[in-house]
There are 2 protein chains.
Amino acid sequence: MKVTIKDVAERANVSIATVSRVFNKSGPVTDQTRHRVLTIARDLRYTPNASARSLSTSKTDTVGLLLPDLYGEFFSEVIRGADQTVQQYHHHLLVSSSHNNRNEIEAALRVMRGRVDGLVIMSPHIDAATLNANLPKSLPVVLLNCYVKDSSFDSLNIDNIGGAHQMVKHLIQHNHTRIAIIKGTEQNYDAEERLSGYRAALREANLEVSADLEFPGDFTEEAGFQAAKKILVLPHRPTAIFASNDSMAIGAISALRESEVQVPEEIAVAGFDDIPISKYMKPGLSSVHVPISNLGVLALERLFAAVTEKDNHIKKQDIITTELVVRESCGIHETNNDD
Amino acid sequence: MKVTIKDVAERANVSIATVSRVFNKSGPVTDQTRHRVLTIARDLRYTPNASARSLSTSKTDTVGLLLPDLYGEFFSEVIRGADQTVQQYHHHLLVSSSHNNRNEIEAALRVMRGRVDGLVIMSPHIDAATLNANLPKSLPVVLLNCYVKDSSFDSLNIDNIGGAHQMVKHLIQHNHTRIAIIKGTEQNYDAEERLSGYRAALREANLEVSADLEFPGDFTEEAGFQAAKKILVLPHRPTAIFASNDSMAIGAISALRESEVQVPEEIAVAGFDDIPISKYMKPGLSSVHVPISNLGVLALERLFAAVTEKDNHIKKQDIITTELVVRESCGIHETNNDD
DNA sequence: GCCAACAATGTAAACGCTTACATTACTGCC
DNA sequence: GGCAGTAATGTAAGCGTTTACATTGTTGGC
C-alpha cells in the first residue's frame, strides 16, 4: 500500500542511500541517476515519511504556536503573520490554545515538546519556572507578550504602558480632565500595564488618580457595555472613557448609544489594539495601533534565527512600539502631533 | 541529554517493553512496577518521542486544517472551533493556508500527508481529481465548503443559496424592488452560490435580474467600499444593497456614510456571514448567520469519526443551514417571521 | 504433586529514514 | 602504467518506539 524509499530504490536499481541523497540534495549523484530516481518516485507517488525522517534527524520542520485563546481578531492576525513566515521558511505550524489555565499550559508545553523545533508562546499567565520545568533547555522559545522578564528567553512585548500613556495624554491635552478607564482582565499583564500607563499620564498632568474612575472589565464587548452603563450613572460624569481594548470600547459605545449619549460630543471614547473594525465603525474608533500580524511575523523570524543559530544565538527582549490612531470617537479630528 | 525509554527502563530495572506498556496502558503491569516506572519517568523528565512513536504506529495524533487564507474573523472562528474539538480528542492541530493557488494547494496536500491522521480542507478551488492525485486513498478527509460534490468525500457546505435567497426575499417583502448585489471573488464557489440565491429570489418575485445591478467584489472591505461608490452614481439608484459578505457590507456602509447617504433610510444594506462585529456596528448589520465556529467543530467531529471508524465509515455530504438576522441596516426593525 | 492457565515481564524485529564509512570506478599526473 | 585523488554509489548502524512472541513465575483444580 504505502510506498517507501526502499520501493523507489529497488525500482531504480540503486540503494536507498542514493534515493535519500537525491531527495535531500546531500552528496553527489549523477544527473542521470537523479532523474531516474525522481521519475520513479513521482510514478510511485512516493513521499518521504516525515516521522522516520524526524526520528533520524531529530528535526520536525514544525514550530508550535501556543496561544492563550483563539478568540477574536487579535489572535487571528497573529496566526496569519505566523503562518506566512512559517511557510516562507518551509516549516509547519502546530497551533494550540491553552485556555489560560496553568495545568493546561503545562500539558500543552509537554505535549508540544518533541513535536516541534521551536515554540512561540503567548500566554500572560506563564512564568520562567514553569517554562524551564516543562521544556528542554535546548528548545528555542520566543515569548510573545508574556510577563517574563528573564533574559534567558527571547521575548517580544507590546509597549502597553507607552501606548496607554500616549492615548490618555492625548485626551488630557484636549481638555479632558475626568477620564475613566475600563480595565482589562484581572491579573492580566497587558491589562495591568495599560492601567499603569493610564495612571502615569494622569499623574503627570496632576490629575487625580481615583478608583472611582477605574472600572473592571475582561476585554469582551459585554464588559465594555456593562462598564459604560455604570459610568453613565456616575454623579460627576467623566467626559472621556479609555477602554483597555477595542472590543470593550465598542461595547461601551454601544451602551452609550443605547442611552442616547453622543459620542464623542458628550463622552469621548478611545480603545487599544486598533483592530480592523475600528476603522469601519461609526464613529471611527480612536485607538492605539498595535502591529498585530507583524507580531506573528517578528516572533517567528526570531524563532527561526534561534533555531538556525543554535548555540550562538543571542537572546533579546524587544518592545514593540505602538502608534496613536486618532479617529472620531475621541472628539479630536484634526491631524496634529500629539506626543 | 535527552532521556529515552531506555534510560527509564534501566533505572527502573525493567525492560523497555514494560515501560512502554506502562505509558500506553497496553498489557498487564503490577501496580508496584507501574508506580516505580512512573516515578522514575517523572524524575527523569521523560516524554515519549513522538516521531518514534509515529513511525512505529503510523499514527501522528495530529490532524491538519487547510484553509484558503487566514485572513479575517471567519477563519479565526473556524480555527477556534477546530482547536476546541481537537483538544477534546487529544490530538494536535496543524494549520496551513494555501493561498488559493493550485500548485500551492497541491504542495500543501503532499506535505501534510504523512504528518496527519486526517485532514480538513477548506478550499474553494480544489477538485476531486487533485485531491485523489495528491492524497493516499486511506487518509480521512473532510471537505469544508468546497465545490466537490463527489460522494467519495465527507463534506460540509454552507447553504449559500438558501441564505442569500432568504435575505433578498426579505428585502423584497419590504418593498425593495431595485436591489444591487456586491459579488464575491470571481470563480469563488460561495460567491457564485450567493449570487444565484440572489437571482433566484428576484426571479421568484418577477423582478428584473440585470447585470447593471451586479457589482464585482472580492470579499474585502475595500471592494465593498468601491462597489458602493459605483452604485451611488447609478442613474436609477437602487434602494438596497446585498453584499456577498459582511466585510464588503461594512466597506459599503462606510462609503455611503462618506457620501452622506443614510443607511438604511436612503439605502438598505445587508451582508452575509454574521461576523461578530456586525452586531456592534451602527447601524447594526443585517446579515445571514452562519454558525462559523460550529463549522470547525462539526468538521472535526466528522473527521474523528472517519479516523476511528476506518473502513466502515459512511461518508456524508451535509449542508449547514443559515439563519436570517435582521438588524437596523436593512431598515426593518420589527421582529417578524419572514421566510 | 502435576499441569494448565494465566499474569508479569523480557527479547528482538520492525517502522522508514539519514549518514558515517566502505567500496568501486574513473580521472589525470608523473 | 601505477597511484593518488575524487566522484558515485553501496552497506549497515542507529534514531526511539511498539508489539508479536517467548519466557518465567504463580495459582488452583484434580
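Since we're looking at a predicted model, the values are computed, not measured.

Caption draft 1: Quick peek at the nonpolar core. Counting 154 residues, the largest nonpolar core has Phe242(A) and Phe242(B) as its most contacted members. Not counting residues up to four positions away in its chain, the partners in contact with Phe242(B) are Ala164(B), Met167(B), Val168(B), Ile179(B), Ala180(B), Ile181(B), Ile182(B), Arg194(B), Tyr198(B), Ala270(B), Gly271(B) and Phe272(B). With 38 residues, the next largest nonpolar core counts Val116(A), Leu66(B), Ile105(B) and Leu109(B) among its residues.

Caption draft 2: Representation of the pairing of strand β8 (residues 240–243) of chain B. Residue and element names in this part refer to chain B. Side chains Ala240 and Phe242 of β8 all project onto a buried face; the interleaved residues Ile241 and Ala243 project onto the opposite face, where all are buried too. Inspection of the sheet shows strand β6 (residues 179–182) paired to β8 by four bridges, in the parallel sense. Pairing of Ile179 across the sheet is with Ala240, part of β8. One ladder, built from three bridges, connects β8 with strand β9 (residues 268–270); its direction is parallel. Bridge pairing links Phe242 to Ala270 in β9.

Caption draft 3: Quick peek at the packing of aromatic side chains. Going through the model one piece at a time under the given rule, you end up with six aromatic pairs over all chains. Arranged with centres 4.2 Å apart and planes meeting at 10°, the rings of Tyr89(A) and Phe304(A) form a pair that is stacked. Highlighted residues: Tyr89(A) in the loop between α5 (73–88) and β2 (92–97) and Phe304(A) in helix α13 (residues 292–309), separated in sequence by 215 residues. Taking relative accessible area as the criterion, Tyr89(A) reaches 34% and is therefore assigned partly exposed. With a relative accessible area of 3%, Phe304(A) lands in the buried category. A cation over an aromatic ring shows up here: Arg194(A) above the ring of Phe272(A), its NZ or CZ 3.8 Å from the ring centre. Above the plane of the ring of Phe153(B) lies Lys137(B), whose end atom (NZ or CZ) is 5.8 Å from the centre.

Caption draft 4: Region of interest: the interface of chain B and chain A. Facing 45 residues of chain B, the contacting portion of chain A comprises 44 residues. Summed over both partners, the interface of chain B with chain A buries about 4300 Å², with 56% contributed by carbon and sulfur atoms. In terms of surface lost to chain A, no three residues of chain B exceed Arg115(B), Tyr280(B) and Lys282(B), which account for 15% of the buried area on that side. Across the contact surface, chain B and chain A share zero salt bridges.

Caption draft 5: Spatial organisation of the confidence of the model for chain A. Residue and element names in this part refer to chain A. When pLDDT is averaged along chain A, the result is 89; 96% of the residues meet or exceed 70. Per-element confidence in chain A is highest for strand β6 (residues 179–182), whose mean pLDDT is 98, and lowest for helix α12 (residues 277–280), whose mean pLDDT is 77. Counting interchain partners and residues more than four positions distant, the pLDDT-below-50 stretch residues 335–339 has eight contacts.

Caption draft 6: Structural view of the protein's contact with DNA strand C. Around DNA strand C sit 27 residues in total, of which Ile5(A), Ser20(A), Tyr46(A), Ser15(B) and Thr33(B) are the nearest. When atoms of DNA strand C within 4 Å of the protein are sorted by moiety, sugar and phosphate together comprise 66%. Between a phosphate oxygen of DNA strand C and a main-chain N or O atom of Asn49(A), the distance comes to 3.1 Å. Elements supplying a minimum of two residues to the surface near DNA strand C: α2 (16–24) and α4 (50–57) of chain A together with α2 (16–24) and α4 (50–57) of chain B. The dominant element in the surface near DNA strand C, judged by the number of residues it contributes, is α4(A), at five residues. By residue class, the composition of the surface near DNA strand C is 12 nonpolar, 12 polar and three charged.

Reading the values: rules and limits
- Residues numbered from 1 in each chain as written.
- Chains lettered and ligands numbered in written order.
- Predicted model: local features only at pLDDT ≥ 70, side-chain atom pairs only at ≥ 80, totals over all residues.
- Heavy atoms only, no water.
- Core = buried A, V, L, I, M, F, W, Y, C linked by side-chain atoms within 4.5 Å.
- Buried < 20%, exposed > 50% of the residue type's maximum accessible area, 1.4 Å probe, protein only.
- Contact = heavy atoms within 4.5 Å.
- Helix = DSSP H or I, 4+ residues; strand = E, 2+ residues; numbered from the N terminus.
- Pairing = 2+ DSSP bridges.
- Phe/Tyr/Trp six-rings, centres within 6.5 Å; stacked < 30°, edge-to-face > 60°.
- Lys NZ or Arg CZ within 6 Å of the ring centre and 35° of its normal.
- Buried area = accessible area lost by both parts, 1.4 Å probe.
- Salt bridge = Lys/Arg side-chain N within 4 Å of Asp/Glu carboxyl O.
- pLDDT = per-residue confidence, 0-100.
- Near = heavy atom within 4 Å.
- Polar contact = N/O pair within 3.5 Å; in protein donor to acceptor, adjacent residues only side chain to side chain.
- Nonpolar A, V, L, I, M, F, W, Y, C, P; charged D, E, K, R; others polar.

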